[in-house]
Amino acid sequence: MPVSKNTIKYIQSLRQKKFRQKYDKFVVEGDKMVRELLEHRSEWVETLFALPNWMEHLPPQQWPPALQAITVSENELSRLSLLKTPNQALALVRQPQYELNADALNGQLALFLDDLQDPGNMGTLLRLADWFGISTVICSPNCVEVFNPKVIQASMGAFLRVSTIVADFGAVLNAAPDLTIFGADMEGGNIFQADLPKTGVLVIGNEGAGITPAVMEKVTHRVSIPRGKGGGAESLNAAVAAGIIIGVLLN
């Protein structure tokens, strides 16, 4: 049965944040990411759309009994897809809901993204968290949305394993008042020379404006990455800086 115009219109509407929030849904696309989604979080999937050959070769263990799976043509997948180049499969996915609590913060390292705007940076930061075993990433209300299609693609599946929570910094401190707060700041101490604890919250600021003043007031340890001898770059990309700081803190 052909995919209806209403279905195509519905999936396409999820390009926009207001509709992702209205329906509490988002889209995951591509052979690798959809397979990973079905393997690890199949309960999130509402509907799967895929080419016939892809459906035929899906391993039985990745085929949840209640999954609504619809075989589509290349033309139909192209009309459904939010990508310039569709890749075999597309899943309509329910947004997971995570709670902010002391257990998610105490005794480990978490990230707080303070008004981060670039989807590529957000996706890369989720990948960094996934790589280093950081289970909680908190996004300020003004951050780029985690379920933005560009963030999902850039995360390379990290969104499946990292709990992402939208909350202001006051809520973080209310949940765990005694946290150590690290802040990435050009004027901070040399991260390679500082003697720092391995647990707390690392704040990564906006790409252009840095950490907001209200959050910076709560930072207990300002840290920076010194420019190398002869280095000329004005600054580091937010995700690159975060990766270096996390690596130092956890090793």
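Caption draft 1: Expanded view of the nonpolar core. Ranked by internal contacts, the top residues of the largest apolar core, which has 30 residues, are Leu111, Leu113, Leu116, Met122, Leu125, Val137 and Leu202. If you list the elements that add at least two residues to this core, you get strand 5 (109-113), helix 6 (119-132), strand 6 (136-139), strand 9 (200-204) and helix 10 (238-250). Among the elements that take part in this core, helix 10 stands out by supplying 6 residues, more than any other. Setting aside chain neighbours within four positions, we find leucine 116 in contact with Asn121, Met122, Leu125, Asn142, Cys143, Val144, Ile204, Gly205, Glu207 and Ala238. Grouped together as the second largest cluster of nonpolar side chains are 21 residues, Val28, Leu38, Leu48 and Met55 included.

Caption draft 2: Quick look at the sheet that holds strand 4 (residues 89-94). Strand order across the open sheet formed by 4 strands is 1-4-2-3, with mixed pairing between neighbours. The open sheet has two edge strands with one neighbour each: strand 1 (25-29) and strand 3 (68-71). Ignoring which end each strand starts from, the neighbouring axes of this sheet average 15° apart. Across 4 bridges, strand 2 (residues 45-50) lies against strand 3 in parallel orientation. Opposite threonine 47, over in strand 3, you have glutamine 68 as the bridge partner.

Caption draft 3: Spotlight on the side chain of glutamine 95. Structurally, glutamine 95 is set in the loop between strand 4 and strand 5. A distance of 3.0 Å separates the side chain of glutamine 95 from the backbone oxygen of arginine 20, its partner in a polar contact. Engagement of the side chain of glutamine 95 in a polar contact is seen with the backbone oxygen of lysine 25, the distance being 3.3 Å. Excluding anything up to four places from it in sequence, glutamine 95 contacts Arg20, Gln21, Asp24, Lys25, Phe26, Glu145 and Phe147.

Caption draft 4: Broad picture of helix 10. When the terminal C-alpha atoms of helix 10 are compared, their 18 Å separation across 13 residues agrees well with the 18 Å that a helix rising 1.5 Å per residue should span. Within the sequence span of helix 10, burial applies to Ala238, Ala239, Ala241, Ala242, Gly243, Ile245, Ile246, Gly247 and Leu249. The residue sitting at the N-terminus of helix 10 and contributing the capping side-chain oxygen is asparagine 237; that oxygen lies 2.8 Å from the backbone nitrogen of alanine 239.

Caption draft 5: Up close: the environment of alanine 171. Topologically, alanine 171 is positioned in helix 8 (residues 169-175). Relative accessible area serves as the criterion here: at 27%, alanine 171 is assigned to the partly exposed category. For alanine 171 and asparagine 101, which are 70 residues apart along the polypeptide, the C-alpha to C-alpha distance reads 9.3 Å.

Scoring rules and cut-offs
Residues numbered from 1 in each chain as written. Predicted model: local features only at pLDDT ≥ 70, side-chain atom pairs only at ≥ 80, totals over all residues. Heavy atoms only, no water. Core = buried A, V, L, I, M, F, W, Y, C linked by side-chain atoms within 4.5 Å. Buried < 20%, exposed > 50% of the residue type's maximum accessible area, 1.4 Å probe, protein only. Helix = DSSP H or I, 4+ residues; strand = E, 2+ residues; numbered from the N terminus. Contact = heavy atoms within 4.5 Å. Pairing = 2+ DSSP bridges. Axes fitted to C-alpha atoms, helices over the stretch in contact; angles between N-to-C directions. Polar contact = N/O pair within 3.5 Å; in protein donor to acceptor, adjacent residues only side chain to side chain. Expected span 1.5 Å × (residues − 1).

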